[in-house]
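Structural features, examined
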Amino acid sequence: DGYSQLSAYERKRLKNLTENAKFFAALKLHETAAKLRQIATKTQSHVTKRAKPKKANDETVRRRSMRLQRIEPSGIPVPEVPAQPEREEYPQVPAGPLPMVPEDQVESSKSTEDLLTTWMRISEVLLAILVIFGLSNVSMILSRYQESLNRMVLSEENVKKMVKSRVSSMAVHPSENILLVAAGDKFGQIGLWNVDCKSEEAARIFIPHSSLVSCMHFSPFNPAHLLSLSNETLRCGDVTRAVFDEICRGEDNLSSFAFLEDTASTAIVGYWDGEIAVVDRRTPGTSPELSADIDFKRIRTVHVHPRNKQYFIAAGLVDVCIYDVRCLKPTGNKPVSTLTGHTKSVASAYYSPVTGNRVVTVCADDKLRHNNNTGRWLTRFQAIWDPKQEDCFVVGSMAQPRQIEVFQDTGKLLHSFYNLDCLGSVCSINVVHPTKNILVGGNSSGRLHVF
């Protein structure tokens, strides 16, 4: 063999090496060592890192306040507030007269013509009555008045989405035959609703303004005219001509208006920056006849005395003052009287409807023990007198269940209008029919409720 040249010792040594190699091969020590080297290489970079301790299952739960859990102190869960939608951009309304055509129509439709014809017809009937008999305000005995309030109820068919955004003003047509309601919103829309017509086409939306419609009235002399005011313009919707005429134009500064006489030819207009203007609808153009600074930081509402038309009341930040329109001049105007006592922002001030001997104001100081803090997503409350009752007024409420409240001038709560099935929101703006027992409340989603 190949080992014949080796000595006995070398052959013995070679034999041992061969046997040892076979033995180690049987143990697979080389393969095990290679695997251990690979494992050591992989775990070497993680040697210095400390493993995170696992949380104990019985760890104390972090406390959260009732406000964060949306639970009232009484333990009742607060309903979820819907996400506020982004402002929808509307095209700017051009200056000058605008055709009375709904927003979703290029030309007037049959249903629109029916609605406008109804408005014109009931206005003609009422105008004839006013010419022959006149219109008088007679207050009821308080007990009978409360009985009439109890008979006013809300049904599902008398709730309707009128405008797309927050209701900022309303007016009710004085007709006793057909109930016609107008509502303005924060984007310049005006909705007209024939409540007695039960079809889906009983309401139509028009866009005569580019911004919030803060004030609206049917003309007391000719209810075929609907006057509406936004930040930039005062317009008259004339249904006989199917047009929205422009009466006065400002620089995004108009706040409110009121008629200075029964014929509604002239009006007092308030400006947000504290100025007052007198507008005459009979003169051409859109400029006021007179402008006067009454030294208010802000004017929210103006209202004319029901009997002595030369006096008007203006409500501002904390100011409530009475002025004589005959004495107005460009600067240096002094009030005839000042109503003191308001310590916070005043939202409105209105004379009582018959004598004007009372004034109701809404202020954030809540002195009537009435929560007037509506927040940023609701229209400010405005207390309005019932035209049929000299000493009673209507105002929205933050109370639960949602309701509209009627107070006597003494501060006594006379009645609360509510309906758990049909009224689930705050009605900041309300209007009362001048001769019938009808109340309309508008909320911040553009919905009207007719009691």
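Located above this text is the structure these notes cover.
First, a word on scope: everything that follows refers to the structure included in this document. (Residues numbered from 1 in each chain as written. Predicted model: local features only at pLDDT ≥ 70, side-chain atom pairs only at ≥ 80, totals over all residues. Heavy atoms only, no water.)

1. Brief notes about the overall build of the protein
Short version of the rule: Working definition: helices are DSSP H or I runs of at least four residues, strands are E runs of at least two. Numbering for both runs from the N terminus. Under the convention used here, a 1.4 Å probe and the Shrake-Rupley method define accessible areas, while residue burial counts only the protein chains that appear.
Check the secondary structure of the protein and you find four helices and 27 strands. As displayed, the protein offers around 25,500 Å² of accessible surface, 53% of which is attributable to carbon and sulfur atoms.

2. Observations regarding the nonpolar core
We count it as follows: Only buried residues count toward a nonpolar core, which is a set of Ala, Val, Leu, Ile, Met, Phe, Trp, Tyr and Cys residues joined through side-chain atoms within 4.5 Å. Throughout this description, buried means an accessible area under 20% of the type-specific maximum (1.4 Å probe, protein chains only), exposed means over 50%, and partly exposed covers the range between. For this analysis, residues touch if any pair of their heavy atoms sits within 4.5 Å.
Of all hydrophobic cores here, the largest spans 21 residues; its most connected members are Leu116, Trp119, Leu192, Met216, Phe218 and Leu226. Contributions of two or more residues to this core are made by helix H3 (110-132), strand S4 (180-185), strand S5 (190-194) and strand S7 (213-218). Considering every element that reaches this core, the biggest residue donor is H3, with four residues. Once you skip the residues sitting within four places of it in the chain, Leu226 turns out to touch Trp119, Ala171, Ala182, Ile190, Leu192, Met216, His217, Phe218, Arg235, Cys236 and Gly237.

3. Side note on the packing of aromatic side chains
Put simply, the rule is: Geometry of aromatic contacts follows a simple scheme: Phe, Tyr and Trp rings, the Trp one being its six-membered ring, pair when their centres are within 6.5 Å, and the pair is stacked under 30 degrees between planes, edge-to-face over 60, tilted otherwise.
Overall, the coordinates contain eight aromatic pairs when judged by the stated rule. Summarising the aromatic geometry, the rings of Phe296 and Tyr323 are spaced 6.3 Å apart at their centres and angled 65 degrees between planes, so their arrangement reads as edge-to-face. Here Phe296 is found in the loop between strand S14 (290-293) and strand S15 (301-304), whereas its partner Tyr323 is found in strand S17 (residues 320-324), with 27 residues between them in sequence. The pair Phe296 / Tyr323 is uniform in exposure class, with both members buried. Ring centres 5.8 Å apart and planes at 20 degrees place the aromatic pair Phe312 and Tyr323 in the stacked group.

4. Regarding unusual backbone geometry
Glycine aside, a negative phi is what most residues show, and trans is what most peptide bonds show. A cis geometry characterises the amide bond from Gln400 onward to Pro401, with omega recorded as -5 degrees. Within the secondary structure layout, Pro401 lies in the loop between strand S22 (392-396) and strand S23 (404-408). With a phi angle near 65 degrees, Asp295 is a residue other than glycine that sits in the positive phi range. Along the chain, the position of Asp295 falls in the loop between S14 and S15. Judged by its relative accessible area of 68%, Asp295 is exposed.

5. Here we look at the environment of Pro306
By the secondary structure assignment, Pro306 is in the loop between S15 and strand S16 (311-315). Under the relative-accessibility criterion, Pro306 is labelled partly exposed at 25%. Placed 48 residues apart in sequence, Pro306 and Val354 show a C-alpha to C-alpha distance of 6.5 Å.

6. Details of the sheet that holds strand S1 (residues 98-99)
Our working definition: Note: two strands are recorded as paired if DSSP finds a minimum of 2 bridges between them.
With antiparallel pairing, five strands are arranged side by side in an open sheet as S1-S10-S9-S8-S7. The open sheet has two edge strands with one neighbour each: S1 and S7. Sheet topology places S1 next to strand S10 (residues 243-249); two bridges connect them, and they run antiparallel. Bridging across to S10, Leu98 finds its partner in Phe244.

7. Quick notes on the pairing of S7
With five of six residues buried, S7 lies mostly within the body of the structure. Bridge count for S7 against strand S8 (residues 225-230) is five bridges, and the pairing is antiparallel. Bridging across to S8, Cys215 finds its partner in Leu229. Linking S7 back to S8 in an antiparallel pair, the connection comprises six residues.

8. Remarks on a negative patch on the surface
For clarity, the threshold we go by: Surface patches are drawn from residues lacking salt bridges whose relative accessible area is over 30%; two like charges belong together within 9 Å, two nonpolar side chains (Val, Leu, Ile, Met, Phe, Trp, Tyr) within 5 Å. Salt bridges, as used here, are contacts in which a Lys or Arg side-chain nitrogen is within 4 Å of a carboxyl oxygen on Asp or Glu. Neither His nor the chain ends is counted toward charge; the positive residues are Lys and Arg and the negative residues Asp and Glu. Every charge is mapped to an atom, namely NZ of Lys, CZ of Arg, CG of Asp or CD of Glu.
There is a patch of like negative charges on the surface, built from Asp273, Glu275, Asp293 and Asp295. The topology assignment puts Asp293 in strand S14. In this structure Asp293 comes out as partly exposed when scored by relative accessible area, which is 30%.

9. Section: the sheet that holds strand S2 (residues 159-161)
Two modes of strand pairing occur in sheets, parallel and antiparallel, and in both the strands are linked by backbone hydrogen bonds. Spelled out, the test is: For every element, the axis is a line fit to its C-alpha atoms; helices are fit only across the contacting stretch, and the angle between N-to-C directions ranges from 0 to 180 degrees.
One open sheet accounts for four strands, arranged S2-S27-S26-S25; its pairing is antiparallel. Strands with a single pairing partner mark the edges of an open sheet, and in this sheet they are S2 and strand S25 (429-432). In this sheet, adjacent strand axes meet at a mean angle of 20 degrees when their direction is disregarded. Bridging between strand S26 (residues 439-442) and strand S27 (residues 447-450) involves three bridges; their strand directions are antiparallel. Bridging across to S27, Val440 finds its partner in Val450.

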